[in-house]
Amino acid sequence: MSAPNLFLVYVTDVERATAFYSDLFDIEPVVTTPRYVPFEVAPGVLFALWSGRADRLAPDTPRTSEVGLMVPGPSAAVDERYEAWTAKGVTVVEEPHDEVFGRTFVVADPDGNLIRVSPVD
């Protein structure tokens, strides 16, 4: 396989991040270790939390990458996801708005990592 199949998100507290992402995406980890927690998001593709470099993360470090969730359906499906996630108390970075690729919004995890919801390309 030559396509990327592991996507790491750096976190300072792997237990807190595991609870956040498990609840947000309604998924369970493949395995849980003290510093690494992978979630299989497609056959052979892992989205993983990694706290092995937590000592190098600072709250004021700019988060310039995003985890993305593309939602099928009309624009209302993006708004529905926004309502569901804000009901869970997520930190909103960008409220729902229209971009060139469709309806979108951005939230942040407890470490400030960005999560964008948008329509399926």
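The name given to the protein in an unreviewed UniProt entry is VOC family protein, with Streptomyces olivaceus as the source organism.

Scanning the protein from terminus to terminus reveals 2 helices and 7 strands. In the protein, the order of α-helices and β-strands from amino to carboxyl end is β-α-β-β-β-α-β-β-β. The C-alpha radius of gyration of the protein comes to 15 Å, within 12% of the 14 Å expected for a compact globule of 121 residues. Based on the C-alpha atoms only, the size of the protein along its principal axes is roughly 40 × 35 × 25 Å. Each of the 121 residues in the protein was classed as buried or not, and the buried ones make up 33%. Here the contacts in the protein between residues at least 6 apart in sequence split such that 49% fall between residues at least 24 apart. Accessible area of the protein: about 7300 Å², with a carbon and sulfur share of 54%. Taking the average location of the 9 positive side-chain charges in the protein and that of its 19 negative ones, the two points are 7 Å from each other.

Turning our attention to the sheet that holds strand 3 (residues 45-50). Reading across from one edge, 1-3-2 is the order of the 3 strands in this open sheet, with mixed pairing throughout. Looking at strand neighbours, the two that pair on one side only are strand 1 (6-10) and strand 2 (36-42), the edges of this open sheet. In this sheet, adjacent strand axes meet at a mean angle of 20° when their direction is disregarded. Note that strand 2 and strand 3 share 6 bridges and pair antiparallel. Residue pairing in the sheet places Pro38 in a bridge with Ala48 of strand 3.

So, on to the nonpolar core. Counting 22 residues, the largest nonpolar core has Val9, Tyr21, Phe47, Leu49, Trp85, Phe105 and Ile115 as the members making the most contacts within it. Take this core: its biggest share by element is 5 residues, from helix 1 (residues 14-25). In this structure, Leu49 is in contact with Val9, Val11, Val14, Ala17, Thr18, Tyr21, Arg35, Tyr36, Val37 and Phe39, ignoring residues within four places of it in sequence.

The rules behind each value
- Residues numbered from 1 in each chain as written.
- Predicted model: local features only at pLDDT ≥ 70, side-chain atom pairs only at ≥ 80, totals over all residues.
- Heavy atoms only, no water.
- Helix = DSSP H or I, 4+ residues; strand = E, 2+ residues; numbered from the N terminus.
- Rg over C-alpha atoms; globule rule 2.2 N^0.38 Å.
- Buried < 20%, exposed > 50% of the residue type's maximum accessible area, 1.4 Å probe, protein only.
- Contact = heavy atoms within 4.5 Å.
- Areas by Shrake-Rupley, 256 points an atom, 1.4 Å probe, with all protein chains shown as cover.
- Lys, Arg positive; Asp, Glu negative; His and termini not counted.
- Charge placed at Lys NZ, Arg CZ, Asp CG, Glu CD.
- Pairing = 2+ DSSP bridges.
- Axes fitted to C-alpha atoms, helices over the stretch in contact; angles between N-to-C directions.
- Core = buried A, V, L, I, M, F, W, Y, C linked by side-chain atoms within 4.5 Å.

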